[in-house]
Amino acid sequence: MGNNEKKIKIAVNGGINFGAKLTAKQLLVIAKYLEEGEELELTTFQQLYIDIPEEKKGEIIAEFEHAGLSCYPIGNYVKSLRTCNFCKGSEEEGMPVAIELNKRIAGKPVPFTVKPAYTGCPVGCGEPMVNDIGVMKIRDSYSLYVGGKSKGKDAEAGILILENLSPEELYLKVDQIINLYSEQGKKRESFHKFVKRYGKDELIESIS
């Protein structure tokens, strides 16, 4: 790659699967676009940041996706779903629901980066309680939490706003919450601050 090529940064991962894993094929295709001495940034949200030539963005993303990688924009968008390791199997832990939810929300533009998280049981390995939007599968239904904050002296768990949701109800409510934040959130206002300002009861009423 030429030194004068304009680069853009994208986020990639192995998709929603049994934990944050990459295959040898995926590692090789990523390495193809790394120059000597260049480094990959591994985020806490199970993503790798990589710089690619802007003019070849479509071609490279298609190559990544062919290798089974998922690609996402960087900036003020909904992040890909952080998940647990699905230790009891895909169906029992709700992996199909996690995959579909990620497909619906990841990459949506928002006032400030939104970090959603999913866990397949109350143990909470995916850390849904301390992320912006948290989903917890309990038996055959889903509970929805919002406004968690993992960092700072004011860190706190999210608040439960809905429970006993079916998959379709979960998709709808998460979509409504993200759309509400997109429309009512102030520029660069974190989702945690938005929930505090908007109010729990008002938020529930708005998506009822």
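Preceding block: the structure.
Rules used throughout
- Residues numbered from 1 in each chain as written.
- Predicted model: local features only at pLDDT ≥ 70, side-chain atom pairs only at ≥ 80, totals over all residues.
- Heavy atoms only, no water.
- Pairing = 2+ DSSP bridges.
- Helix = DSSP H or I, 4+ residues; strand = E, 2+ residues; numbered from the N terminus.
- Contact = heavy atoms within 4.5 Å.
- Axes fitted to C-alpha atoms, helices over the stretch in contact; angles between N-to-C directions.
- Buried < 20%, exposed > 50% of the residue type's maximum accessible area, 1.4 Å probe, protein only.
- Expected span 1.5 Å × (residues − 1).
- Parallel < 35°, antiparallel > 145°, perpendicular 65-115°, else oblique.
- Nonpolar A, V, L, I, M, F, W, Y, C, P; charged D, E, K, R; others polar.
- Salt bridge = Lys/Arg side-chain N within 4 Å of Asp/Glu carboxyl O.

(A) Spatial organisation of the sheet that holds strand S4 (residues 70-72). An order of S2-S3-S1-S4 is seen for the 4 strands of this open sheet, with the pairing classed as antiparallel. Every interior strand has two partners, whereas the edge strands, strand S2 (41-42) and S4, have only one. Two elements, S2 and strand S3 (residues 48-53), share 2 bridges in a ladder whose sense is antiparallel. When the bridges of S3 are listed, Glu-41 appears paired with Tyr-49. Across the sheet, helix H2 (residues 57-66) lies against strand S1 (7-13), S3 and S4, angled at about 135° from S3, the strand it touches most.

(B) Broad picture of the pairing of strand S5 (residues 116-119). The side-chain alternation of S5 yields two buried faces, one formed by Pro-116 and Tyr-118 and the other by Ala-117 and Thr-119. With 4 bridges joining them, S5 and strand S6 (residues 133-138) adopt parallel strand pairing. Directly across from Tyr-118, in S6, lies its bridge partner Val-135.

(C) Just helix H5 (residues 167-184), in detail. Here H5 contains 18 residues, and its C-alpha end-to-end distance of 26 Å stays within 8% of the 26 Å for a straight helix at 1.5 Å per residue. By the burial criterion, the buried members of H5 are Leu-170, Tyr-171, Lys-173, Val-174, Asp-175, Ile-177, Ile-178, Leu-180 and Tyr-181. In this structure, the buried side of H5 is in contact with helix H4 (95-105), S6, strand S7 (141-146), strand S8 (159-165), helix H6 (191-198) and helix H7 (200-206).

(D) Main features of the sheet that holds S5. One open sheet accounts for 4 strands, arranged S5-S6-S7-S8; its pairing is mixed. Every other strand in the sheet has two partners, leaving S5 and S8 as the edge strands with one partner each. With strand direction ignored, the average angle separating the axes of adjacent strands in the sheet is 15°. Contacts from H5 reach S6, S7 and S8, with the element oriented near 15° to S7.

(E) The arrangement of the side chain of Ser-143 in detail. By secondary structure assignment, the location of Ser-143 is in strand S7. Setting aside chain neighbours within four positions, we find Ser-143 in contact with Gly-134, Val-135, Met-136, Ile-138, Leu-160, Leu-162, Glu-163 and Asn-164.

(F) Up close: the packing of H5 against H6. Viewed as axis vectors pointing N to C, H5 and H6 meet at an angle of 85°, and their least axial separation amounts to 11 Å. Between H5 and H6, the angle is such that the two are roughly perpendicular. Where H5 approaches H6, its residues Ile-177, Leu-180, Tyr-181 and Gln-184 are matched on the opposing element by Phe-191, Phe-194, Arg-197 and Tyr-198. Grouping the amino acids of the contact of H5 with H6 by side-chain chemistry returns 6 nonpolar, 1 polar and 1 charged.

(G) Spotlight on the pattern of salt bridges. Counted under the stated rule, the structure contains 12 salt bridges. Of the charged contacts, one joins Glu-168 and Arg-104 as a salt bridge, the two residues approaching to 4.0 Å between their closest N and O atoms. With a gap of 64 residues between them, Glu-168 in helix H5 and Arg-104 in helix H4 connect regions that are remote in the sequence. Here Arg-104 falls in the partly exposed class, since its relative accessible area comes to 33%. Note that Asp-175 is salt-bridged to Lys-108, the shortest N-O span being 3.0 Å. Remark: Lys-108 occurs in the loop between H4 and S5 and Asp-175 occurs in helix H5; sequence separation between them is 67 residues. In this structure Asp-175 comes out as buried when scored by relative accessible area, which is 17%. Shared partners join several salt bridges into a network, and the residues in it are Glu-100, Lys-103, Arg-104 and Glu-168.

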